[in-house]
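Report on the structure
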Amino acid sequence: MATQFIRKMSTGAHLGQIQRVMILGGGSMGSGIAQVAAVKGNDVTIVDTDDKILSKSKAAIEKSLKRVAAKKFKGDSEKSDRFLAESLARITTDTDAVKAVKDADLVVEAIVENLEIKQLVYKKLDEEAPEKTIFASNTSSLSIQDLAKSTKREDRFGGLHFFNPVPVMKLVEVIKAPGTSQQTFDILFKWSESLGKTAVSCKDTPGFLVNRLLVPYMIEAVRLHERGHGSLQDIDTAMRLGCGYPMGPIELIDYVGVDICKAVTEVYQKAMPGNPLFDSSPSVDKLVEDGKLGIKTGEGFYKYGAKGQKL
Ligand code: 3HC
């Protein structure tokens, strides 16, 4: 049972009862979070503005669940089919966020990395959500406090940063902003663990732990290429074979999204101006300008086929 009673709020409301989860944003991160939550018994509603996005999200979840089931139940088709059917049955989709938030214990937001848009959405949801509902952002780098300030529930607001592909990556960064109550942090931490993930505690600093290290590394790999010090392929091969990383840095940019990497770098530039570690890269800027955002658009630094395979 995913339901967890952790402790009572001073108001008497059961703040820790996380059963109904609303995922805002049906992209790859939102879909992945929805999937792992449903597998662990949560009732999940994925909300996005467009039915087409929601259909794509459900199709991606089904495909991913089949991969998980193939590994978990190795040839036992009855168990595998049951796992698939039960997990999918726990996921609904909706284009109406106001309706969906009415019975949510937890909202996990994974929409576009834009502070103003996120703040507008949070403000509206805050007016409509029950008092008990906890809000969490999956932002890659924006300040959780800046997001929380657009609501009247700073104490029930934190960060939950997952990694792509969510069903495979075992980490969740749990972010305690200055206004996040200890109760909320504990609930978010325990909920992350209930998904089978390892949770680490993070301060509300730009990029938290992983992206603060990872994104400058990836952009520096691009700069290495821009300086003519290595081909894209050689840089990737060097880091895969020299360091045992599953992907090279350039492949990883395409996997994560060139636009996401640019957005994260821009947050760093604002937060820590003048630090050359966060300089923009002309190649990254040009790819974003041309809409070549990586695997999701079929081209980034490399070109990809219909199934996302490198060409
Ligand atoms: N759903 C379910 N299972 C999946 C999956 C998915 N979407 N993607 C991969 N898998 C499983 C496969 O079934 C396979 O299982 P098996 O080993 O039992 O057969 C296993 O994962 C490995 O997959 P593949 O054989 O298809 O391919 P690879 O061995 O090349 O692994 C990868 C793919 C897991 C993506 C690996 O290359 C990897 O770990 N890459 C690095 C990913 C990474 O660094 N992510 C973090 C990015 S940063 C981020 O997300 C933060 C953001 O804010 C920017």
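Provided above is the structure to which this section pertains.
Residues numbered from 1 in each chain as written. Predicted model: local features only at pLDDT ≥ 70, side-chain atom pairs only at ≥ 80, totals over all residues. Heavy atoms only, no water.

What follows deals with the packing of helix H8 (residues 210-226) against helix H11 (residues 258-271). Interhelical geometry of H8 versus H11 gives an angle of 110° and a closest axis separation of 10 Å. One element, H8, and the other, H11, form an angle in the roughly perpendicular class. In this structure, H8 crosses over H11, and the sense of that crossing is left-handed. On H11, the residues touching Asn211, Arg212, Val215, Pro216, Met218 and Ile219 of H8 are Cys261, Val264, Thr265 and Tyr268. Looking at the contact of H8 with H11, its residues break down into seven nonpolar, two polar and one charged. (Axes fitted to C-alpha atoms, helices over the stretch in contact; angles between N-to-C directions. Helix = DSSP H or I, 4+ residues; strand = E, 2+ residues; numbered from the N terminus. Parallel < 35°, antiparallel > 145°, perpendicular 65-115°, else oblique. Left-handed = near helix turned anticlockwise from the far one by under 90°. Contact = heavy atoms within 4.5 Å. Nonpolar A, V, L, I, M, F, W, Y, C, P; charged D, E, K, R; others polar.)

The next thing to look at is the sheet that holds strand S2 (residues 43-47). Taken in spatial order, the eight strands make up an open sheet running S3-S2-S1-S4-S5-S6-S7-S8, and their pairing is mixed. Each edge of the open sheet is held by one strand with a lone partner, namely strand S3 (91-94) and strand S8 (198-203). Across the sheet, the axes of successive neighbouring strands diverge by a mean angle of 25°, strand direction being ignored. Both strand S7 (residues 171-176) and S8 contribute to a ladder of six bridges, which runs parallel. Residue Ile175 lies in a different strand from S8, and its bridge partner there is Cys202. Sheet strands touched by helix H2 (residues 51-72): S2 and S3. Its angle to S3, the strand with the most contacts, is close to 165°. The strands that helix H7 (residues 182-194) touches are strand S1 (20-24), strand S4 (106-109), strand S5 (134-137), strand S6 (157-161), S7 and S8; relative to S7, the one it contacts most, it runs at about 175°. (Pairing = 2+ DSSP bridges.)

Next up on the list: the packing of aromatic side chains. The relation between two aromatic rings is expressed through the spacing of the ring centres and the mutual angle of the planes. One pass over the full model with this rule turns up seven aromatic pairs. On the basis of an interplanar angle of 70° and a centroid distance of 6.1 Å, the ring pair of Phe135 and Phe157 is categorised as edge-to-face. Remark: Phe157 occurs in strand S6 and Phe135 occurs in strand S5; sequence separation between them is 22 residues. You can call Phe135 buried: its relative accessible area is 0%. Judged by its relative accessible area of 0%, Phe157 is buried. Through successive ring pairs, a cluster of aromatic residues spans Tyr122, Phe135 and Phe157. Stacked on the ring of Phe135, the Lys or Arg Arg153 has its end atom at 4.6 Å from the ring centre. Directly above the ring of Tyr302 sits Lys310, whose terminal nitrogen or CZ lies 4.0 Å from the centroid. (Phe/Tyr/Trp six-rings, centres within 6.5 Å; stacked < 30°, edge-to-face > 60°. Buried < 20%, exposed > 50% of the residue type's maximum accessible area, 1.4 Å probe, protein only. Lys NZ or Arg CZ within 6 Å of the ring centre and 35° of its normal.)

Where like charges cluster on the molecular surface, the positive patch consists of Lys63, Arg67, Lys71, Lys74, Lys170 and Lys307. Relative to the elements of secondary structure, Lys71 occurs in helix H2. (Patch = residues over 30% accessible without salt bridge, like charges linked within 9 Å, V, L, I, M, F, W, Y side chains within 5 Å. Areas by Shrake-Rupley, 256 points an atom, 1.4 Å probe, with all protein chains shown as cover. Salt bridge = Lys/Arg side-chain N within 4 Å of Asp/Glu carboxyl O. Lys, Arg positive; Asp, Glu negative; His and termini not counted. Charge placed at Lys NZ, Arg CZ, Asp CG, Glu CD.)

A few words on unusual backbone geometry. Looking along the chain, the bond that leaves Asn164 and enters Pro165 is cis, with omega of 0°. Relative to the elements of secondary structure, Pro165 occurs in the loop between S6 and S7. Residues other than glycine seldom take positive phi values, yet Phe208 does so here, at roughly 50°. Relative to the assigned elements, Phe208 resides in the loop between S8 and H8. Its relative accessible area of 4% is what places Phe208 among the buried residues.

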